[in-house]
Amino acid sequence: MAQNLFEELKEVLAEFKQFLDDNIDTIRPAIQAIAGLIPQVNELIDKLIDLMGKLKTEIQNLDLGSVAGVLGDAVEFTSRVTAFLEAAKSLLPDEADEIDEVLGIAEVVAGLPSFDAVKTEIIALVDAIVVHLNSLKA
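What comes next is a walk through the structure.

Procedures and definitions
Residues numbered from 1 in each chain as written. Predicted model: local features only at pLDDT ≥ 70, side-chain atom pairs only at ≥ 80, totals over all residues. Heavy atoms only, no water. Salt bridge = Lys/Arg side-chain N within 4 Å of Asp/Glu carboxyl O. Helix = DSSP H or I, 4+ residues; strand = E, 2+ residues; numbered from the N terminus. Buried < 20%, exposed > 50% of the residue type's maximum accessible area, 1.4 Å probe, protein only. Axes fitted to C-alpha atoms, helices over the stretch in contact; angles between N-to-C directions. Parallel < 35°, antiparallel > 145°, perpendicular 65-115°, else oblique. Left-handed = near helix turned anticlockwise from the far one by under 90°. Contact = heavy atoms within 4.5 Å.

## Quick look at the pattern of salt bridges
Part 1 of the reasoning: The tally for this structure, following the rule as stated, stands at nine salt bridges.
Part 2 of the reasoning: Here Lys10 makes a salt bridge to Glu121, at a shortest N to O gap of 3.4 Å. Of this pair, Lys10 sits in helix α1 (residues 5–37) while Glu121 sits in helix α5 (residues 115–136), and the two are 111 residues apart along the sequence.
Part 3 of the reasoning: For Lys10, a relative accessible area of 19% gives the class buried.
Part 4 of the reasoning: Glu121 gets classed as partly exposed once you look at its relative accessible area, which sits at 37%.

## Brief notes about the packing of α1 against helix α2 (residues 40–61)
Part 1 of the reasoning: In contact at an axis separation of 13 Å, α1 and α2 are set at 160° when each is read in the N-to-C sense. The angle between the axes of α1 and α2 places the two elements in the roughly antiparallel class. α1 and α2 meet at a crossing whose hand is left-handed. Each of Leu9, Leu13, Phe16, Ile31, Ile34 and Ala35 in α1 lies in contact with α2, whose residues at this interface are Val41, Asn42, Ile45, Met52, Leu55 and Ile59.

So this is what it looks like as structure tokens:
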């Protein structure tokens, strides 16, 4: 089975956090020196922090308790939709963007059964990354 969206998000966040863990002492003076020349670098960091905050809020607000009983049916439906859309994509090349948008939504639904298992880890990774990002600002 393909890796789901939430596992992929956790993996990407873990890699980013590890990169920052390993390199923050090297990156910090470089970023601060560049920010002295190009103040927009601090805006970049602020925007990253803002996006991390929005991601954390969305993850925290995603509560599957109300749909737990019907989740299997929804996942089955989205897997059938995904198969259909993948097959239709080559026949409807002008609709590729719309098909990709629907596939993205289906991917989120397909990943829901494992979401609770990674939710806490994702939030912890986001928090750790935000600490590092805040430390980069001049």
